[in-house]
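Descriptive analysis of the structure
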Amino acid sequence: EIASCLVGSEMCIRDRSYTVNTAVTGNGTVSPGTVVVEHGNTTAFALSPDEGHQIAAASGCGGTQDGSTFTTAGITGACTVAVEFEPIQYPITTIAANGSFSPANPMVDHGQTQAFTVSADDGYELTGVDGCGGTLDGDTFTTATITAACSVTASFAQKTYTVTATVQGENGMIVGQNLENIIHGETRELTVTPDEGFEVNTISGCGGTLAGNTYTTGEITEDCAVSVSFVAVSYTHLRAHETRGNL
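Summary of the structure given here. (Residues numbered from 1 in each chain as written. Predicted model: local features only at pLDDT ≥ 70, side-chain atom pairs only at ≥ 80, totals over all residues. Heavy atoms only, no water.)

1. A look at the sheet that holds strand β18 (residues 150–158)
For the record, the criterion: Should DSSP find at least two bridges between two strands, the strands are taken to pair. Secondary structure follows DSSP: runs of H or I at least 4 residues long count as helices, runs of E at least 2 residues long count as strands, and numbering of each begins at the N terminus. The convention used is that axes are lines fitted to C-alpha atoms, helices contributing only their stretch in contact, and that angles between N-to-C directions extend from 0 to 180 degrees.
With mixed pairing, the 4 strands of this open sheet are ordered in space as β13-β11-β18-β15. The open sheet terminates on both sides in strands that have one partner only, identified here as β13 (107–109) and β15 (124–130). On average, adjacent strands in this sheet sit at an angle of 30° to one another, irrespective of strand direction. Summarising the sheet, strand β11 (residues 89–95) and β13 pair through 3 bridges and their orientation is antiparallel. By the bridge assignment for β13, Gln89 is matched with Asp109.

This is the structure in structure tokens:
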């Protein structure tokens, strides 16, 4: 505070000046850091975010922000300009037909990485993920350091399975078509043919059912096997069959 008096006057006029401080939060600088301003004058500050950051807010001393410049109102007392810097955030777009990413479409701070859990829909399996310079480890995909918006894409393939049909012993056969590369959820029909004088003893596998000489599997969701055995038609069985036929 500096006092000066007018010559020949009883009135003393005081010329006042005030300190304007700055308070910075986050990664960036404000220039100048501290300034002394005469009463009624304004002052301006340059706001400079570090790489990958931006100005989040600037306030104090009745001022206003215009781009990277903050200008106070007329200074009438000591005050502080507060400036906050924050990381720039970038969107990561997730693309996953027949599956999903978790999290989906996140915003990521500059300089950070992002990990995703990649899941296949029922009946599909993960075959690969690419984008954002990342790497896949099991079902976890981790990006490289994020410095710009980017996208990650997961690829999936339908699961396929094989049905194996076998005869325990001999005395008949079981056959089916297209028993390899069966798409998840499909069924297959197999024809069961006993040799003359034999009949089906047991048949099982793949969640199927036998109707006549056709064995129909359940929905195929894994590799599986159908096994059939045959037994000779017994004399008692034949007599009963013949008796019913003569009635």
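Having seen the structure, we can now continue with the description.
2. Remarks on the side chain of Thr43
Rules: Residue burial is assigned from relative accessible area. The probe radius is 1.4 Å, only protein chains are included, and a residue is buried under 20% of its type maximum, exposed over 50%, and partly exposed in between. Working rule for contacts: check all heavy atoms of both residues, and any pair within 4.5 Å makes them a contact.
Mapped onto the elements of the fold, Thr43 is located in the loop between β5 (35–38) and β6 (44–49). Note on Thr43: relative accessible area 14%, which makes it buried. The contact partners of Thr43, leaving out residues within four places of it in the chain, are Val35, Val37, Phe70, Thr71 and Thr72.

3. A closer look at the state of the cysteines
What counts, and what does not: In what follows, a disulfide is any cysteine sulfur pair within 2.5 Å.
This model, assessed by the stated rule, comprises 3 disulfides. The disulfide partner of Cys61 is Cys79, and the gap between their sulfur atoms is 2.1 Å. Taking the sign of the S-S torsion, 115° for the link of Cys61 and Cys79, the bridge is right-handed. In this pair, Cys61 is assigned in the loop between β7 (53–59) and β8 (64–66) and Cys79 in strand β10 (residues 79–87), connecting sequence segments 18 residues apart. With relative accessibility at 15%, the residue Cys61 sits in the buried group. When its relative accessible area of 17% is taken as the criterion, Cys79 is described as buried.

4. Focus: the sheet that holds strand β9 (residues 69–71)
Strand pairs in the sheet, formed through backbone hydrogen bonds, run parallel or antiparallel to each other. Spatially, the 4 strands line up as an open sheet ordered β4-β6-β9-β8, and their pairing is antiparallel. Here the strands that pair on one side only, and so sit at the sheet edges, are β4 (28–31) and β8. Each strand of the sheet is rotated relative to its neighbour by a mean of 25°, with strand direction disregarded. One ladder, built from 3 bridges, connects β8 with β9; its direction is antiparallel. Directly across from Thr64, in β9, lies its bridge partner Thr71.

5. Comments concerning the environment of Asn27
In this structure, Asn27 sits in the loop between β3 (17–25) and β4. Given the relative accessible area of 38%, Asn27 is considered partly exposed. Each C-alpha atom, one on Asn27 and one on Asp50, is 5.6 Å from the other, the two residues being 23 residues apart in sequence. Among all residues touching Asn27, those that are not within four sequence positions of it are Pro49, Asp50, His53 and Phe85.

6. Some points on the side chain of Gln114
When you line up the elements, Gln114 lands in the loop between β13 and β14 (115–120). Residue Gln114 is classed as buried on the basis of its relative accessible area of 16%. Sequence-distant contacts of Gln114, defined by excluding residues within four places in its chain, comprise Ile92, Pro103, Pro106, Val108, Phe141, Thr142 and Thr143.

7. A word on the pattern of salt bridges
Put simply, the rule is: One side-chain nitrogen of Lys or Arg within 4 Å of one carboxyl oxygen of Asp or Glu is enough to make a salt bridge.
Evaluated as defined, the whole model comprises 1 salt bridge. A salt bridge links Glu186 to Arg188; the nearest nitrogen and oxygen atoms lie 3.3 Å apart. Overall, the relative accessible area of 30% leaves Glu186 in the partly exposed class.

8. Quick word on unusual backbone geometry
The amide bond that connects Ser31 to the next residue, Pro32, takes the cis arrangement and shows omega of -5°. For Pro32, the location among the structural elements is in the loop between β4 and β5. Cis rather than trans, the peptide bond between Ser102 and Pro103 has omega equal to 0°. Relative to the elements of secondary structure, Pro103 occurs in the loop between β12 (99–102) and β13. Of note, Cys61 is a non-glycine position whose phi angle comes to about 60°, a positive value. The backbone of Cys132 sits at a positive phi, close to 60°, despite the residue not being glycine. Along the polypeptide, Cys132 turns up in the loop between β15 and β16 (135–137). A relative accessible area of 15% places Cys132 in the buried class.

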